[in-house]
Every structure is written in C-alpha cells, then in structure tokens.
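Letter by letter, the chains look like this.
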2 protein chains.
Amino acid sequence: MKRVPVQQKVLKENDRIAMELRRLFARRGVLALNLISSPGSGKTSLLEQTLQRLPGDIRASVLTGDIATDNDAMRLARFGSARQITTGGSCHLDAKMVESALAGVTAGQLDILFIENVGNLVCPAGFDLGEDAKVVVLSVTEGDDKPLKYPNIFVRSEVMILNKIDLLPHVPFDIDTVYANAQKIHPGIEMIRTSCTTGEGIEHWLAWLRRRLERVRSRPAAS
Amino acid sequence: MKRVPVQQKVLKENDRIAMELRRLFARRGVLALNLISSPGSGKTSLLEQTLQRLPGDIRASVLTGDIATDNDAMRLARFGSARQITTGGSCHLDAKMVESALAGVTAGQLDILFIENVGNLVCPAGFDLGEDAKVVVLSVTEGDDKPLKYPNIFVRSEVMILNKIDLLPHVPFDIDTVYANAQKIHPGIEMIRTSCTTGEGIEHWLAWLRRRLERVRSRPAAS
C-alpha cells in the first residue's frame, strides 16, 4: 500500500474506529487477535483446530474476511461461532468492517475473538482492527526468506505461527534460518510450530492463547 | 484494493504509462508477461528454470518486484539478465516502476520480458503494466479453492501455472477441482502443471512461451 493523502485520511478514520473497538474489547475482557498470512497458509485450518480443541471454559468466535465466497465461515461454523466478512474487492479488512460484523457476535459473553484477515501478507499489516495482537501465519512451503521480504507484518506481529511443519521433509525450508530472519526484523518475536494435519504444536498455540487471555483479564478495566 | 477517487486518478495515470509501454513492447517485438502469485508460490524458481532452459535463440530478461530486499534479482542473475524493483512498501508494481526499470534492460535486443510482481494475489491484478498477458502462479499447497476466493487475478490471466505438483501426494489438493474452479471464474483459462524441483511440466511452459512469442512476432507492427 502506497500512502497518498486520501489514504492517510482513510487510515485516520480507521484508527478512530479501531480505538473504539479496542476500548470495547477491553471493557468486555475479550482477547482480540488479528490473523494475517498469504493465501493458503492455513489460517482457516488453524482456526478449525483451535475451535475444536479450546477448553470448554473459553468461549471463542471468528470473523473471517475474504474478497469473495463465504466458504471459510461455512467451514468454521461446524466447530463454533463464525461470521463471514466479504470485502467485495478490498485487499484487507478495516476497522469499520469489523465493527459492523461484530453486531452479530457480541450478544453473549466472549473470551477470544479471532479475526481472520484476507489472505495477503502486505496490505492488512497497515490497518489496525483494534486487536490486542497481530499473529502472522507462515507456512513452510512459502520459503524461509519471507520475514525479510515482507517485513511490515513481521515487525507488527507478536507471534509467528510456522504452519504445515509436516511438509518440512518435502520442501527446501530451514527453521533456524526463518527464525533468524524473523528475529532480525522483529527481535523477540515468538515462533510456534504447528501442523494442522498431524496436530503437532497445536497445544503450544493453545497454551499461548491461554497465557495471552490471562494478560487481558488481569489488565485494569478501561474507563 | 478499494477504489476511491484519488486511486482512480492514480489508475488513470497508470493506464496511460501502461499504454506507452505496450506500444514500446509492440514496436520492439517483445513478449511482456506479468507474473502474479501469493508470496512463496514459486515465481522466482519458475523463472530460474525458465532462464536456464529457454533455447539460445530467445533472449529473455526479468524485472523482479519486491517490497524489500534484492534477493530475487541476485538469484536470477546467475541464470540471465535480471533487475530488482524494490517498491519500498507498495503492495504491487505499477507501470511507472516498470518504465523506470526498463531503462536498464532494453539496450540490446529482447524477446521476452518477464515481470515478476510483488507476492500478492490481490492488488497486482488491478495494475496494468503494459504486458501482453498476465500469468497467475498457484502452488498446490495453497488449496484448490483459490480461484473462487481471489477471482480478479484468475479472470485477467491467460494461463494458470499450477506449481509444486511434486507436493501433491502430501497435501489435500484436487487438480480437477482447481481446474473446474478456474474455468468457472474464467472459461477457457489454460492450466500448465509444473514442478521446479523435478522439472516436470517446464517443457509445456516453454512451449507455451514459444507459441505466445510467435503470436507477438506475427502481429502487425504498431504505428
């Protein structure tokens, strides 16, 4: 995304709504996560696994963004609460879309809101959705150089999910290299290795979610 | 990409430069191809194979776009003429960037100009670079639903390269399904299956390039 004046105005308006969302999430004790990746990195599969395996005392919901189709919401609805946001051409979710879609999911109590962004490793990084944290999902088939080539999203993400690790024997991908590249761009970024096919690593992701939820719950309530 | 007024002005200026580029390519008998895919679908690997295996009577050059790093141009320069365009944050190449970069590659005679776009299945579809054809590269690890979810690029591409077919035994991907989905979005789109690891299918891609180059050579010269 190249910032020209009107886009700065759009971003300012986006930031205003995102701040309102952030206050809303804080007030309700909701952990909001913005999941960003290339198309096909496995965000939806990760969320399927997550909804199925989250302990019963954690109530979760998903907003899933796509340019076209409601396939992902249909997939996720089998395992929990999911709502599609169809962007109609836009390459990213914005705070307004999230605000509108939220009307349908915040009726009951909610602990974690997963926002699955449009498959795009570039543009979504620039739009605050009021989330507590951005989570970048990178699959091992995409190459270990990606943190260097798409730095913005790695700088802004608290954690990098390294997905499809079951495919490691079949692809030229080095875990030490991707970790070093990610640390170069964002010192301290956490890495969690997962496979939604074998289930490997999902428990680490669930543990991270629980820890992160505790942080949300222990923060002072917003005024 | 959401079109707001200033973006329409940007697009209009882009179209003007793209038309100039198209005339230039026509005058010089150059086949210009705009390669678009998600990050890590294998565009650079495909171009490495292509530069190595193109017959000696076809002179090719690559302009390769990335947000950051010149890794791809370094990789490609081992096999032929390659020049990096670093977009400095922009999620797509535009015609102006191609025009500026071309200064360095059109000195000698050129038959095929490959323009490797930024890894992004969304935004590059909206920017004409003066190319003869767009080529969408989809790897089998990304899922067979992608033509439905990212229709714009499939509508505008003459051919879909289905890459990393060596990984088919390890991923849930159905070739008949992706073909049907692509045809639904763009009836008549060609599909070429390739693996840059085993070399399978590369000869079909080279044959397509040769046929496409013949079409360019047989067209009446632009005034």
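About the cut-offs
Residues numbered from 1 in each chain as written. Chains lettered and ligands numbered in written order. Predicted model: local features only at pLDDT ≥ 70, side-chain atom pairs only at ≥ 80, totals over all residues. Heavy atoms only, no water. Core = buried A, V, L, I, M, F, W, Y, C linked by side-chain atoms within 4.5 Å. Buried < 20%, exposed > 50% of the residue type's maximum accessible area, 1.4 Å probe, protein only. Helix = DSSP H or I, 4+ residues; strand = E, 2+ residues; numbered from the N terminus. Salt bridge = Lys/Arg side-chain N within 4 Å of Asp/Glu carboxyl O. Axes fitted to C-alpha atoms, helices over the stretch in contact; angles between N-to-C directions. Parallel < 35°, antiparallel > 145°, perpendicular 65-115°, else oblique. Left-handed = near helix turned anticlockwise from the far one by under 90°. Contact = heavy atoms within 4.5 Å. Nonpolar A, V, L, I, M, F, W, Y, C, P; charged D, E, K, R; others polar. Buried area = accessible area lost by both parts, 1.4 Å probe. Polar contact = N/O pair within 3.5 Å; in protein donor to acceptor, adjacent residues only side chain to side chain. Least-squares fit on C-alpha atoms with pLDDT ≥ 70 in both. Pairing = 2+ DSSP bridges.

(A) Region of the structure containing the nonpolar core. If you look at the biggest cluster of nonpolar residues, it comprises 50 residues, and the most contacted ones within it are Ile153(A), Met160(A), Leu162(A), Ile153(B), Met160(B) and Leu162(B). Every element with two or more residues in this core is listed here: β5 (133-139), α6 (151-156), β6 (157-163) and α7 (175-185) of chain A together with β5 (133-139), α6 (151-156), β6 (157-163) and α7 (175-185) of chain B.

(B) Inspection of the pattern of salt bridges at higher detail. This model, assessed by the stated rule, comprises 36 salt bridges over all chains. Note that Lys96(A) and Glu99(A) form a salt bridge whose closest N and O atoms lie 3.3 Å from each other. Taken together, the residues Lys96(A) and Glu99(A), both in helix α4 (residues 95-102) and three residues apart, mark about one turn of the helix. According to the relative accessible area criterion, Lys96(A) is partly exposed, its value standing at 46%. With a relative accessible area of 28%, Glu99(A) lands in the partly exposed category. Each of Asp66(A), Asp72(A), Asp145(B), Lys146(B) and Lys149(B) takes part in one network of salt bridges that share partners.

(C) View of the packing of helix α2 (residues 43-53) of chain B against helix α8 (residues 202-217) of chain B. All names here are of chain B. Running from N to C, α2 and α8 cross one another at 70 degrees; their axes reach a closest spacing of 11 Å. One finds that α2 runs roughly perpendicular with respect to α8. The two elements α2 and α8 cross, and the hand of that crossing is right-handed. Facing Leu 46, Gln 49, Thr 50 and Arg 53 of α2, the residues of α8 in contact are Ile 202, Glu 203, Trp 205, Leu 206 and Leu 209. Of the residues assigned to the contact of α2 with α8, the class counts are five nonpolar, two polar and two charged.

(D) Region of the structure containing the interface of chain B and chain A. Each side of the interface is counted separately: chain B has 37 residues, and chain A has 37 residues. Of the roughly 2,900 Å² buried between chain B and chain A on both sides combined, carbon and sulfur atoms contribute 59%. Linking chain B with chain A are four salt bridges, by the criterion used here. Among the ionic pairs, Asp66(A) bridges to Lys149(B), the shortest N-O distance being 3.7 Å. Viewed at the interface, chain A and chain B are joined by eight residue pairs in polar contact (both at pLDDT 80 or more). With three residues, the top contributor of residues to the side of chain B that touches chain A is helix α5 (residues 146-149) of chain B.

(E) Main features of the relation of the copies chain B and chain A. Once turned by 180 degrees and shifted 0.0 Å along the axis, chain B lies on chain A with an RMSD of 0.0 Å. When the rotation and shift are considered jointly, the pair of chain copies conforms to a two-fold rotation axis. By residue overlap, the copies meet face to face through one surface: 100% of the interface positions of chain B are interface positions in chain A.

(F) Local environment of the sheet that holds strand β3 (residues 81-86) of chain A. Residues and elements named next belong to chain A. Strand order in the open sheet made by the seven strands is β3-β2-β4-β1-β5-β6-β7, with parallel pairing throughout. Edge positions in the sheet fall to β3 and β7 (190-193), since each has one partner strand and no second. If you compare each strand with its neighbour and ignore which way they point, the axes differ by 20 degrees on average.

(G) Layout of the sheet that holds strand β3 (residues 81-86) of chain B. All names here are of chain B. If you walk across this open sheet you meet the seven strands as β3-β2-β4-β1-β5-β6-β7, and the pairing is parallel. The sheet is open, and its two borders are formed by β3 and β7 (190-193), each paired with just one other strand. The sheet shows a mean angle of 20 degrees between the axes of neighbouring strands, taken without regard to direction. Strand direction decides the pairing type here: β5 and β6, joined by six bridges, are parallel. Each bridged residue has a counterpart across the sheet, and for Ser 139 the counterpart in β6 is Asn 163.

(H) Region of the structure containing the side chain of Thr50(B). Residues and elements named next belong to chain B. Summarising the element assignment, Thr 50 is placed in helix α2. In this structure the side chain of Thr 50 is engaged in a polar contact, spanning 2.5 Å, whose partner is the backbone oxygen of Leu 46. Reaching out from Thr 50, the side chain makes a polar contact with the side chain of Trp 205 at a distance of 2.9 Å. Each residue touching Thr 50, except ones within four places of it in the same chain, is listed here: Phe 114, Trp 205, Leu 206 and Leu 209.

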